[in-house]
Amino acid sequence: MILKSIYIENFRNHKQRFFEFKDGINLVLGKNASGKTNLLEAIYFCICGKSFKARDVNLINFESDYFKLEASIFQNDFEYKVFCYVDRLSQKRIMINEKKVNKLSELIEKFKFVYFEPDSTELIKQDPKVRRRFLDMEVAKIYPHMIKTFQDYQKALMSRNAFLKSYDKKDIIDVYDVELSKLGYQIAKKREETIKKLSEATKQVWYEVFEDKSTIDLVYRPSIESSSQEEYYNQLKKQFEKDLNFGFTTKGVHRDDFDVLINQKSAKEYASEGQIKLACIAIYLASAKLFERSVLLLDDIFSELDDEKRKNVLGLCRDYQAIITSAEEKESLISAGLIKDDINLVQL
Ligand SMILES: Nc1ncnc2c1ncn2[C@@H]1O[C@H](COP(=O)(O)OP(=O)(O)OP(=O)(O)O)[C@@H](O)[C@H]1O
């Protein structure tokens, strides 16, 4: 997938701008608050149909009543023209080649991308919910049909929890347990497969980019260890009395996690800030490696990296289309040997 261009009208601080990008590395340079993150947010909106941090209406320029985006995306030699429109009356229209997009999952299934921002280190630092969300995005990129399974699991979990709170007849719980085990087991297996693939790819990036003797591993920590649906079901059943006491389902894929180990030790517990940032960059770049034609949206990726690592990261990005923002001066990047002829410079 290649993002050729984006036209932006009244989106955040961009009133009317047209940006063209090339395959390989695109470096977006600009001072603080010049709108670099906003540009990535506009691209993200075209690919996902929503922002990564704000409600639609907050994306409209302060002095306007609407925003409009038009992106040209090439995939398998076919051009997709994505049109997005949002106004202050909460009217929202997203179209691909003039056909209305009804579900945002249609966009996620079509366009693959990786978005890395300074807060992406939360992946390691935060609680398991953040890691589950990240992992499920990765699962959905490989197996788009799993989006429905995740939604069905949430519904089944809510029904079981509601049942536990108003429990009176023991025999009916089985209906919920069978459904929850079926969906939970499918999710656990796909998460396990995805973590294995991601761990392998992360190791390669870690080595290529960081040429480090240290090791990195991603290890799935399922809440229910099982090798069959039946086993999953039996373990869920065993929890029944406890679940009844608590009034909710205490075990299942909604309690899963994964560990990032550096030198076989938990990065969350032992790694330095710098190591955590490097580990997260490696995981995100590994995600791009798994989905070959991903677009990389990398916000402020250079900070905290020394020049050698910056060069290595850029080297890896050459295999993709990468849109990288930086608040650094062009001259200092040139003198560090980071800007070469093949880089497309976008100055804000
Ligand atoms: N809805 C909006 N309308 C107009 N301007 C907005 C809107 N939302 C945010 N802004 C402005 O956009 C600017 C921030 O842009 P952005 O976050 O893209 O900067 P940046 O170039 O990434 O900065 P930094 O280098 O500091 O990360 C701020 O000045 C903010 O006030």
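Before reading further, recall that the structure is shown in the block above.
Presented here is a report on the structure given in the accompanying data block. On a predicted model such as this, the values are computed, not experimentally measured, just so you know.

1. A look at the site of the ligand
Then, number 1: In the region of the ligand, 14 residues are neighbours, and Ala-33, Lys-36, Thr-37, Asn-38 and Ile-60 sit closest.
Then, number 2: At 3.2 Å from an oxygen atom of the ligand is found a main-chain nitrogen or oxygen belonging to Ser-34.
Then, number 3: Ile-60 places a polar main-chain atom, nitrogen or oxygen, 2.9 Å from a nitrogen atom of the ligand.
Then, number 4: Grouping the amino acids of the shell around the ligand by side-chain chemistry returns three nonpolar, eight polar and three charged.

2. Structural notes on the nonpolar core
Then, number 1: With 68 residues, the main nonpolar core has Val-260, Leu-296 and Ile-324 as its most contacted residues.
Then, number 2: Element by element, the count of residues in this core is highest for helix H6 (residues 173-210), at twelve residues.
Then, number 3: With sequence-adjacent residues up to four places away left out, Val-260 is seen in contact with Ile-124, Ile-216, Asp-217, Leu-218, Lys-265, Ser-266, Ala-267, Ala-279 and Ile-283.
Then, number 4: In terms of nonpolar packing, the next biggest core, distinct from the first, is built from 39 residues, Val-28, Ala-54, Val-295 and Ile-323 among them.

3. Examining the sheet that holds strand E9 (residues 216-221)
Then, number 1: If you trace the three strands from one edge of the open sheet to the other, you get E9-E10-E11, paired in antiparallel fashion. For this open sheet the edge positions go to E9 and strand E11 (265-266), each flanked by a neighbour on one side alone.
Then, number 2: Where H6 meets the sheet, its contacts fall on E9 and strand E10 (257-262), and the angle it forms with E9 comes to roughly 170°.

4. Some remarks on helix H11 (residues 307-317)
Residues separated by three or four positions in an α-helix point in the same direction, a consequence of the helix having 3.6 residues per turn.
Then, number 1: All of the buried residues along H11 are Arg-310, Val-313, Leu-314, Leu-316 and Cys-317. With its buried residues spanning 160° around the axis, H11 presents them on a single face.
Then, number 2: Contacts made by the buried residues of H11 are with strand E3 (24-29), H6, helix H10 (273-290), strand E12 (295-298), strand E13 (321-326) and helix H12 (330-335).

5. Side note on the packing of H6 against helix H7 (residues 229-238)
Then, number 1: Where H6 contacts H7, the two axes come as close as 9 Å, and the packing angle between them is 130°. In terms of orientation, H6 and H7 fall into the oblique class. Judged by the sense of rotation from one axis to the other, the crossing of H6 with H7 is right-handed. Together, Ile-173, Asp-174, Asp-177, Val-178, Leu-180, Ser-181, Lys-182, Gly-184 and Tyr-185 of H6 and Gln-229, Tyr-232, Tyr-233, Leu-236 and Lys-237 of H7 make up the contact between the two elements.
Then, number 2: Residue composition of the contact of H6 with H7, by class: seven nonpolar, three polar and four charged.

About the criteria used
- Each residue is numbered by its place in its chain's sequence as written, counting from 1.
- Per-residue local features are limited, in this predicted model, to residues with pLDDT of at least 70; the limit for side-chain atom pairs, both in listing and counting, is 80 or more; totals at the level of whole chains, interfaces and linings are taken over all residues.
- To obtain the side-chain values, all non-hydrogen atoms of the structure were included, while hydrogens and water were left out.
- Residues are classed as near a molecule or strand on a simple rule: at least one heavy atom within 4 Å of it.
- Residues adjacent in sequence count toward polar contacts only when both atoms are side-chain atoms; beyond that, a polar contact is any pair of N or O atoms within 3.5 Å, and within protein one must be able to donate a hydrogen and the other to accept it.
- Side-chain classes are defined by residue name, with Ala, Val, Leu, Ile, Met, Phe, Trp, Tyr, Cys and Pro counting as nonpolar, Asp, Glu, Lys and Arg as charged, and the others, Gly among them, as polar.
- Throughout this description, the term nonpolar core refers to a set of buried Ala, Val, Leu, Ile, Met, Phe, Trp, Tyr and Cys residues connected via side-chain atoms within 4.5 Å.
- Throughout, exposure labels follow a simple rule: accessible area from a 1.4 Å probe, protein chains only, divided by the maximum for the residue type, with under 20% read as buried, over 50% as exposed, and the rest as partly exposed.
- Helix and strand assignments follow DSSP, with helices taken as H or I runs no shorter than four residues and strands as E runs no shorter than two, numbered in order from the N terminus.
- In what follows, a contact means two residues having at least one pair of non-hydrogen atoms within 4.5 Å.
- Pairs of strands are assigned from DSSP output, requiring at least two bridges between the strands.
- Orientation is described by lines fitted to C-alpha atoms, with helices fitted over the stretch in contact, and by angles between N-to-C directions that extend from 0 to 180 degrees.
- Working definition: the arc comes from the directions between the helix axis and the C-beta atoms, pointing outward to the latter.
- Each angle gets one of four labels, with under 35 degrees taken as roughly parallel, over 145 as roughly antiparallel, 65 to 115 as roughly perpendicular, and the rest as oblique.
- Working rule for handedness: look at the near helix, and if it is turned counterclockwise from the far one by less than a right angle, call the crossing left-handed; if clockwise, right-handed.

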